[in-house]
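Here's the letter readout for the chains.
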Number of protein chains: 2
Amino acid sequence: MKKTNLGKLVKMLKFDEKGLVPAVVQDYKDGKVLMVAYMNEEAFLETVKTGKAHFYSRSRKKLWMKGEESGNIQIVKEILLDCDNDCVLIKVEQVGGASCHTGYRSCFFRKITKDGKLKLVERKIFDPEKVYSRK
Amino acid sequence: MKKTNLGKLVKMLKFDEKGLVPAVVQDYKDGKVLMVAYMNEEAFLETVKTGKAHFYSRSRKKLWMKGEESGNIQIVKEILLDCDNDCVLIKVEQVGGASCHTGYRSCFFRKITKDGKLKLVERKIFDPEKVYSRK
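Being a predicted model, the structure only gives us computed values, none of them experimental.

1. Some remarks on unusual backbone geometry
Phi is mostly negative for residues that are not glycine, and the peptide bonds are mostly trans. Residues and elements named next belong to chain A. Backbone geometry at lysine 61 places phi at a positive 55°, although glycine is not the residue there. Along the chain, lysine 61 falls in the loop between strand 3 (54–57) and strand 4 (62–65). Taking the number of C-beta atoms within 10 Å as the measure of exposure, lysine 61 has 7 and is therefore exposed. For asparagine 85, which is not glycine, the phi dihedral falls at a positive 60°.

2. Side note on the pairing of strand 2 (residues 33–39) of chain A
Residue and element names in this part refer to chain A. Taken across its 7 residues, strand 2 has 6 buried, putting it largely inside the fold. Bridge count for strand 1 (residues 21–27) against strand 2 is 6 bridges, and the pairing is antiparallel. Paired with glutamine 26 across the strands is valine 33, a residue of strand 2. Linking strand 1 to strand 2, which pair antiparallel, is a turn of 5 residues; within it glycine 31 sits at a positive phi near 80°.

3. Some points on the sheet that holds strand 8 (residues 118–120) of chain B
Pairing in this open sheet of 6 strands is mixed, and the strands run 2(A)-1(A)-6(A)-5(A)-7(B)-8(B) from one edge to the other. Only two strands of the sheet have a single partner each, and these edge strands are strand 2 of chain A together with strand 8 of chain B. The average undirected angle you get between the axes of adjacent strands in this sheet is 30°.

4. Examining helix 2 (residues 41–50) of chain B
Residue and element names in this part refer to chain B. Taken residue by residue, helix 2 has Ala43, Phe44 and Thr47 as its buried positions. Along the axis of helix 2, the buried residues cluster in a sector spanning 100°; they form a single face. Packed against the buried residues of helix 2 are helix 1 (3–12), strand 2 (33–39), strand 3 (54–57), strand 4 (62–65) and strand 5 (74–81). Just past helix 2, the residue glycine 51 takes up positive phi, approximately 75°.

5. Here's the deal with the relation of the copies chain A and chain B
Aligned on chain B, chain A shows an RMSD of 0.0 Å; the corresponding rotation is 180° and the shift along the axis is 0.0 Å. This pairing of chains is accounted for by a two-fold axis. Taking C-alpha positions as reference, the residue of chain A nearest the rotation axis is Gly31(A), located at 2.6 Å. Of the interface residues in chain A, 100% have counterparts in chain B that sit at the interface too, so the contact is made through matching surfaces.

6. Topic: the sheet that holds strand 2 of chain B
An order of 8(A)-7(A)-5(B)-6(B)-1(B)-2(B) is seen for the 6 strands of this open sheet, with the pairing classed as mixed. Strands with a single pairing partner mark the edges of an open sheet, and in this sheet they are strand 8 (118–120) of chain A together with strand 2 of chain B. Between one strand axis and the next, the sheet turns through 30° on average, direction left out of account. In the sheet, strand 7 (residues 110–112) of chain A pairs with strand 8 of chain A via 3 bridges, with the strands oriented antiparallel. Opposite Lys111(A), over in strand 8 of chain A, you have Lys119(A) as the bridge partner.

7. Looking at the environment of Leu13(B)
Residues and elements named next belong to chain B. The residue leucine 13 is located in the loop between helix 1 and strand 1 (21–27) in this model. You can call leucine 13 partly exposed: it has 15 C-beta atoms within 10 Å. Residues leucine 13 and isoleucine 112, 99 residues apart in the sequence, show an inter-C-alpha distance of 33 Å. In contact with leucine 13, not counting residues within four places along its chain, are Val21, Phe44 and Asn85.

8. A word on the interface of chain A and chain B
In this assembly, 33 residues from chain A lie in contact with 33 residues from chain B. Looking at the side of chain A that touches chain B, the elements with two or more residues in it are helix 1 (3–12), strand 1, strand 2, strand 5 (74–81) and strand 7 of chain A. Top element by residues in the side of chain A that touches chain B is strand 5 of chain A. It accounts for 4 residues. By residue class, the composition of the side of chain A that touches chain B is 18 nonpolar, 5 polar and 10 charged. Where strand 5 of chain A lies against strand 7 (residues 110–112) of chain B, 2 bridges are found, and the strand directions are antiparallel. From the neighbouring strand, Leu81(A) faces strand 7 of chain B, where its bridge partner is Arg110(B).

Conventions used here
- Residues numbered from 1 in each chain as written.
- Chains lettered and ligands numbered in written order.
- Predicted model: local features only at pLDDT ≥ 70, side-chain atom pairs only at ≥ 80, totals over all residues.
- Helix = DSSP H or I, 4+ residues; strand = E, 2+ residues; numbered from the N terminus.
- Buried ≥ 20, exposed ≤ 12 C-beta atoms within 10 Å, placed from the backbone.
- Pairing = 2+ DSSP bridges.
- Axes fitted to C-alpha atoms, helices over the stretch in contact; angles between N-to-C directions.
- Arc of directions from axis to C-beta.
- Contact = placed C-beta atoms within 7 Å.
- Least-squares fit on C-alpha atoms with pLDDT ≥ 70 in both.
- Nonpolar A, V, L, I, M, F, W, Y, C, P; charged D, E, K, R; others polar.

Right, dumping it as structure tokens:
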């Protein structure tokens, strides 16, 4: 990718006052919404350059590559930009089949029922205690 | 829906320092991601109570029902909550077939090409000049 084009793209993005844009991550095959995370300029550039999803962790205050610890990386198939240039949609191939750190395929594994409770709608794909080292 | 359950749900939601959570809106049938908007507590409650998607406009600083002007309302089929309780996913039936104020079905109507440019990937469904009154 041309550096000048990438520079134009980054200038077009409307990062918020914290320097972030939300990124919706969707499975490129069946359209399942896997997670929502945040990108700063560096995370966006790394994602475009490497073809692997990178985000900015608001809690750890640093860049991270999705799957860097679990191995469940996200291979980028397509990146779309919204009408206001303040949100991106990333279509990915989810390596390992699960994106959520809790072991579910999607972070959206609970639905709100008609009586206002939360109901589990997915099954765990991996055991987080076995995948993430306890530090 | 029971008021007590709804109250518990609202308490569980982690609104940010502006009192907002991002809401991803997805077509309930084919999984197309239509838009991302923000909800405050009131917008969340109105969405659950009325079954029609409501958001908080950060630019206009007020509650709005999606489609209140265009008629393109969103009928809520399912609401899911993410693992961190700080993002919601709303599956909807998009009345009128288009969610974006620019006239496209989805707000994500441009993809980033391999050479770093933006490419239109949808066709306009309506003409915004005919749908929205000029104020």
